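What follows is each chain in one-letter form.
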Amino acid sequence: MLKGKTVVVGVCGGIAAYKSCEVVSRLRKLGADVHVIMTEHATEFVRPLTFETLSNNPCVSDMFRRQTEWEVEHISLAKKADLFVVAPATANFVGKFANGIADDMLTTTVLACTCPKLIAPAMNTHMLENPITQDNLKTLEHYGFTVIPSGSGLLACGDTGSGRLPDEGVLVDYVARELEHEKDMQGMKVVVSAGGTREPMDPVRYLTNHSTGKMGYAVARACMLRGADVTLLTSSDLPPVPFVKMVPFATAAELFEAVKANAMDADALVMAAAVADYRPAQVAQDKIKKHDGELSIELERTDDILGWVGEHKPEQLFVCGFSMETKDLIENSTAKLHKKNMDMIVANNVKVPGAGFGVDTNVVTLITESISTALPLQSKDDVAMHIADIIVEAKRRKQKK
Ligand code: CTP
């Protein structure tokens, strides 16, 4: 949440200005006090009234035309800002600002700002790739701006390439990473697994489960927001979590390799992936054709990944598993905690409304050696923050020893 934070959004005159409307709206929904400053050219693309309505604050554009005390106005905004984000930033803005030119409301306010500044360039590919623009962006980075990489794709000008303003969600995530949450996981490496495994039967079919990866993604995001270096081992189709290293897997065997390669030097491993316990013993080379009568498939056990981690657990590694049950939740989950030598297990009963697969909420009990905390129904994002709290606390205790 961004309650109590002031974000100033600078909007330059590019076609991507329409996307800034959604950014402003989302930031406000997250609780931020949002102020928009437009360049004069930006007002050709989107009316200031749109931003005024979305931000519920006056939208400032031309400092000379207004009768207000512009000097005071732009300095007071600069002082109030916890974060400045310029999106879209045109080549003109980038060029002017890299050279210290402050000739309108936006550039003068940015110049007066001491808070962290993000800049999201959006322009034609050739303009972006032009060494002049690249040099200007490097200059801005040198002066402490965070440059948000532009996306690739079909641009409004008809060219294909880099220069697209990243999606609204990505821009909001950049803001959230700057402003949300105390960075109490700074310096920690966290590995999270998410999604269901897919065990092939033949080139066409596989065995899987209902896991969508939402819980694991929420954990990865929470740890990222708290400053951790996060690797997400994923089989999910959900959009990538920004600032997180994404490592894809499909089968339990691939996940096992990814865990071995990434998690053993980490501070925490959170296994939210729903791992198959069995896979087809044989993978048919060709599609299995139907025929009269029954078909049975022989299954064999997969490796128990957390079981292996528990046996080889290095001192620094905090291991958190998940347990999905339909009955005897606490007994079964506590037994797994001990059997796999975990530090924590997050237990949920898939039969409880609001818990389990696909939904954005969960109802879980966090079980460690010393606690069993039943959390009420809440968003997976909130559950993820509780999990991160316990990881942070365990790390603190280890450091004290
Ligand atoms: N897990 C694992 N490797 C497996 C199966 C599960 O690492 N082959 C992990 C899961 O990611 C989860 C935890 O172990 O974090 C518990 O998974 P769960 O399926 O609930 O437990 P199982 O040990 O498979 O027991 P059961 O299926 O009998 O409930």
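Below, the structure is looked at part by part. Given the structure is predicted, the values throughout are model-derived calculations rather than measurements.

**A look at the sheet that holds strand 5 (residues 146–147)**
- Pairing within the open sheet is parallel, and its five strands lie in the order 2-1-3-4-5. One side of each edge strand has no neighbouring strand; the edge strands of this open sheet are strand 2 (33–38) and strand 5.
- With two bridges joining them, strand 4 (residues 117–121) and strand 5 adopt parallel strand pairing. The residue bridging isoleucine 119 from the neighbouring strand is valine 147, located in strand 5.
- Where helix 1 (residues 17–29) meets the sheet, its contacts fall on strand 1 (6–11), strand 2 and strand 3 (83–89), and the angle it forms with strand 1 comes to roughly 175 degrees.

**Here we look at the site of the ligand**
- Around the ligand there are 17 residues in total, and Ala273, Leu306, Phe322, Lys336 and Lys340 lie nearest to it.
- Aspartate 303 has a polar backbone atom sitting 2.9 Å from a nitrogen atom of the ligand.
- Separating an oxygen atom of the ligand from a backbone N or O atom of phenylalanine 322 is a distance of 2.8 Å.
- In isolation the ligand offers 570 Å² of accessible surface; the protein chains occlude 78% of this area.
- Of all the elements in the fold, those that place two or more residues in the shell around the ligand are helix 12 (305–311) and strand 16 (318–325).
- The element that contributes the greatest number of residues to the shell around the ligand is strand 16, accounting for five residues.
- Class assignment of the residues belonging to the shell around the ligand gives a composition of eight nonpolar, three polar and six charged.

**Comments concerning the pattern of salt bridges**
- Taken as a whole and judged by the stated rule, the model has 18 salt bridges.
- Residue lysine 96 pairs with aspartate 104 through a salt bridge whose shortest N-O separation is 3.9 Å.
- Taking relative accessible area as the criterion, lysine 96 reaches 16% and is therefore assigned buried.
- In this structure, aspartate 267 and lysine 395 form a salt bridge, with 2.6 Å as the shortest nitrogen-oxygen distance. Linking aspartate 267 in the loop between helix 11 (252–262) and strand 13 (268–271) with lysine 395 in helix 14 (residues 380–400), this pair joins segments that are 128 residues apart in sequence.
- Aspartate 267 sits in the buried class, given a relative accessible area of 11%.
- For lysine 395, a relative accessible area of 22% corresponds to the partly exposed category.
- Salt bridges here are not isolated pairs; linked through shared partners, they connect Lys19, Arg164 and Asp167.

**Looking at the nonpolar core**
- Membership of the largest hydrophobic core comes to 38 residues, with the highest contact counts inside it found for Met185 and Ile387.
- Contributions of two or more residues to this core are made by strand 8 (189–194), helix 10 (214–225), strand 11 (229–234), strand 13, strand 16, strand 17 (344–349), strand 19 (364–367) and helix 14.
- For methionine 185, the contacting residues outside a window of four places in its chain are Val190, Cys223, Arg226, Gly227, Ala228, Ala388, Ile391 and Val392.
- Counting residues in each nonpolar core, the second largest holds 31 residues, with Val7, Val24, Val34 and Val175 among its members.

**Some words on the state of the cysteines**
- Using the criterion set out here, one finds zero disulfides in the structure.
- Not engaged in a disulfide, the cysteine cysteine 59 finds its nearest cysteine sulfur in cysteine 21; these two sulfurs lie 9.7 Å apart.
- On the accessibility criterion, cysteine 59 (0% relative accessible area) is buried.
- Cysteine cysteine 113 remains unbridged, with the sulfur of cysteine 115 as its closest cysteine sulfur at 3.9 Å.

**Some details on the pairing of strand 4**
- Most of strand 4 is tucked away, with five of its five residues classed as buried.
- Burial of strand 4 is two-sided: the residues Lys117, Ile119 and Pro121 facing one way and the residues Leu118 and Ala120 facing the other way are all buried.
- Taken together, the four bridges between strand 3 and strand 4 define a ladder with parallel strand orientation. Looking at the pairing, valine 86 lines up with isoleucine 119 of strand 4.

**Structural notes on the sheet that holds strand 8**
- With mixed pairing, the eight strands of this open sheet are ordered in space as 12-11-8-13-16-17-19-20. Edge strands, defined here as strands with exactly one partner in the open sheet, are strand 12 (245–248) and strand 20 (372–374). This sheet shows a mean twist of 15 degrees between the axes of neighbouring strands, independent of strand direction.
- Where strand 8 meets strand 13, four bridges bridge the pair, whose relative direction is parallel.

**Some words on helix 13 (residues 329–339)**
- Every buried residue belonging to helix 13 is among Leu329, Ser333 and Leu337, and all of these are buried. The buried residues of helix 13 all sit within an arc of 55 degrees when viewed along its axis, so they share a single face. Those residues of helix 13 that are exposed and angled more than 90 degrees off the buried face are Glu331 and Lys339.
- On its buried face, helix 13 sits against strand 16, strand 17 and strand 19.

**So, the environment of aspartate 328**
- Examined against the element boundaries, aspartate 328 turns out to sit in the loop between strand 16 and helix 13.
- In this structure the C-alpha to C-alpha distance between aspartate 328 and asparagine 349, which are 21 residues apart in sequence, comes to 8.9 Å.

What counts as what
- Along each chain, residue indices are assigned from 1 in the same order as the chain's sequence is written.
- Where totals are concerned, whole chains, interfaces and linings use all residues; where local detail is concerned, this predicted model gives features only for residues with pLDDT of at least 70, and gives and counts side-chain atom pairs only at 80 or more.
- Side-chain figures throughout are based on the complete set of non-hydrogen atoms in the structure, without hydrogens or water.
- Here, a strand pair is defined by DSSP locating no fewer than two bridges between the strands.
- Under the DSSP-based scheme used, a helix requires at least four consecutive residues in state H or I and a strand at least two consecutive residues in state E, with every element numbered from the N terminus.
- Only heavy atoms matter for contacts: two residues are in contact if any of them lie within 4.5 Å across the pair.
- Fitted lines through C-alpha atoms serve as axes, helices being fitted only where they are in contact, and the angles separating the N-to-C directions of these axes extend from 0 to 180 degrees.
- What makes a residue near a molecule or strand is one non-hydrogen atom of that residue sitting within 4 Å of it.
- Any pair of nitrogen or oxygen atoms within 3.5 Å is treated as a polar contact; in protein, a donor-acceptor pairing is required on top of that, and neighbouring residues in sequence qualify only through side-chain atoms on both sides.
- For the area figures, the Shrake-Rupley method with a 1.4 Å probe applies, and any residue is considered shielded solely by the protein chains shown.
- Ten residues, namely Ala, Val, Leu, Ile, Met, Phe, Trp, Tyr, Cys and Pro, are considered nonpolar, four, namely Asp, Glu, Lys and Arg, are considered charged, and the remaining ones, Gly among them, are considered polar.
- Think of a salt bridge as a Lys or Arg side-chain nitrogen and an Asp or Glu carboxyl oxygen that are within 4 Å of each other.
- Accessible area is worked out with a 1.4 Å probe on protein chains only. A residue is then buried under 20% of its type maximum, exposed over 50%, and partly exposed in between.
- Only buried Ala, Val, Leu, Ile, Met, Phe, Trp, Tyr and Cys residues count toward a nonpolar core, and they belong to the same one when joined by side-chain atoms within 4.5 Å.
- Any cysteine sulfur atom paired with another within 2.5 Å is treated as part of a disulfide.
- The arc under discussion is defined with respect to the helix axis, by the directions toward the C-beta atoms.

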